[in-house]
Amino acid sequence: MVFHFDNDGRRVRISSTTSEQPRRVADRLASAYFNAPCTYVDDGATVERAQIENLIAAVTDPADDRLPIVELLVKNCPLAGRERLLLSNESDGDIIASIDDFEARVGELFDNIEDIVRIKVRFERRRVTLFFPKRDGAHVVEFGDSRLDNNQAARFVDFMSVEFGLNVRSTERKGGR
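In this report, the structure presented in the accompanying data block is examined.

**With respect to the overall build of the protein**
- Looking only at helices and strands, one finds four helices and ten strands in the protein.
- Listed by position from the N terminus, the elements making up the protein come as β-β-α-β-α-β-β-α-β-β-β-β-α-β.
- In the protein, buried positions account for 42% of the 177 residues.
- At a minimum sequence separation of 6, the contacts of the protein that also span at least 24 residues come to 55%.
- Per element, the accessible surface of the protein, about 10300 Å² overall, is 43% carbon and sulfur.

Encoded structure:
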């Protein structure tokens, strides 16, 4: 567990493999520091569905090279006997032609955001995984930053905010932020 206390202990970022126990430890530390009962709450970085749809439209647009899509994993696969479908490209190219061909032959892959398990995009020559889970009924955008160093992760967060208006959060920092 690693705790990064900010704003004189009023905010905490937690790096851990779990979230419940570190959050309880952070709550106890803050309670002792402030000499009063304290509880950290999640920052609630929710996004609108339309923002996710705009991101998907951008990464699947052959004319938009800001964030090339290199992998897609969806559930509710339209192929008989399969629960999930994975389209991937290990080379430098994107998978837009594969997505377009599949949709022309079989059907839409992006009809339901909840069916998207993950997408991978290329950012600064690294593959970055994006997830779109629902938390308390609202969507969030999370990214796996294990392939990015701290500076690259910070640039990715800034990039997503500036280019797509999205508040993204790392899956590597569980718990309160």
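**What about helix H2 (residues 49-59)?**
- Those residues of H2 that fall on the buried side of the exposure criterion are Ile52, Leu55, Ile56, Ala58 and Val59. Taken around the axis of H2, the buried residues stretch over an arc of 160°, which confines them to a single face.

**Some details on the nonpolar core**
- Ranked by internal contacts, the top residues of the largest apolar core, which has 37 residues, are Leu67, Leu72, Leu130, Phe156 and Met160.
- Of all the secondary-structure elements, those providing two or more residues to this core are H2, strand E4 (69-75), strand E5 (84-88), helix H3 (96-105), strand E6 (116-123), strand E7 (126-131), strand E9 (138-144) and helix H4 (150-164).
- Among residues more than four places away in sequence, those in contact with Leu72 are Leu85, Leu86, Leu87, Ile95, Ile99, Leu109, Phe110, Ile116, Arg118 and Ile119.
- Among the nonpolar cores identified, the runner-up in size contains five residues, and Ile14, Ala26, Ala30 and Tyr40 belong to it.

**Here's the deal with the environment of Asn76**
- Within the secondary structure, Asn76 sits in the loop between E4 and E5.
- Distance in space between the C-alpha atoms of Asn76 and Val121 is 22 Å, their sequence separation being 45 residues.
- Leaving out residues up to four positions away in the same chain, Asn76 has contacts with Glu83 and Asp115.

**Let's talk about the packing of aromatic side chains**
- Following the criterion strictly, the structure yields seven aromatic pairs and no others.
- Among the aromatic side chains, those forming a connected cluster through ring pairs are Phe123, Phe143, Phe156, Phe159 and Phe164.

**Concerning the side chain of Glu71**
- Within the element layout of this structure, Glu71 appears in strand E4.
- Here Glu71 falls in the buried class, since its relative accessible area comes to 5%.
- Looking at Glu71, its side chain comes within polar contact range of the side chain of Ser88, at 3.0 Å.
- With near-sequence residues (within four places) excluded, Glu71 lies in contact with Leu86, Leu87, Ser88, Ile95, Arg118, Ile119, Lys120 and Arg127.

**Observations regarding the pattern of salt bridges**
- Taken as a whole and judged by the stated rule, the model has ten salt bridges.
- The shortest N-O distance in the salt bridge between Arg118 and Glu71 comes to 2.9 Å. Of this pair, Arg118 sits in strand E6 while Glu71 sits in strand E4; the two residues are 47 residues apart in sequence, bridging distant segments of the chain.
- In this structure Arg118 comes out as partly exposed when scored by relative accessible area, which is 23%.
- With its nearest N and O atoms 3.7 Å apart, the salt bridge here joins Glu114 to Lys134. One end of the pair, Glu114, is in the loop between H3 and E6; the other, Lys134, is in strand E8 (residues 134-135), and 20 residues separate them in sequence.
- By relative accessible area, which is 29% here, Glu114 ends up partly exposed.

**What to know about the pairing of E7**
- Inspection of the sheet shows E6 paired to E7 by five bridges, in the antiparallel sense. Bridged to Val121 within E7 is Val128.
- Between E6 and E7, which pair antiparallel in sequence order, lie two residues; one of them, Glu124, sits at a positive phi of approximately 50°.
- Note that E7 and E9 share three bridges and pair antiparallel. Following the sheet pairing, Thr129 is matched in E9 by Gly144.

Quick notes on the rules
- Residues numbered from 1 in each chain as written.
- Predicted model: local features only at pLDDT ≥ 70, side-chain atom pairs only at ≥ 80, totals over all residues.
- Heavy atoms only, no water.
- Helix = DSSP H or I, 4+ residues; strand = E, 2+ residues; numbered from the N terminus.
- Buried < 20%, exposed > 50% of the residue type's maximum accessible area, 1.4 Å probe, protein only.
- Contact = heavy atoms within 4.5 Å.
- Areas by Shrake-Rupley, 256 points an atom, 1.4 Å probe, with all protein chains shown as cover.
- Arc of directions from axis to C-beta.
- Core = buried A, V, L, I, M, F, W, Y, C linked by side-chain atoms within 4.5 Å.
- Phe/Tyr/Trp six-rings, centres within 6.5 Å; stacked < 30°, edge-to-face > 60°.
- Polar contact = N/O pair within 3.5 Å; in protein donor to acceptor, adjacent residues only side chain to side chain.
- Salt bridge = Lys/Arg side-chain N within 4 Å of Asp/Glu carboxyl O.
- Pairing = 2+ DSSP bridges.

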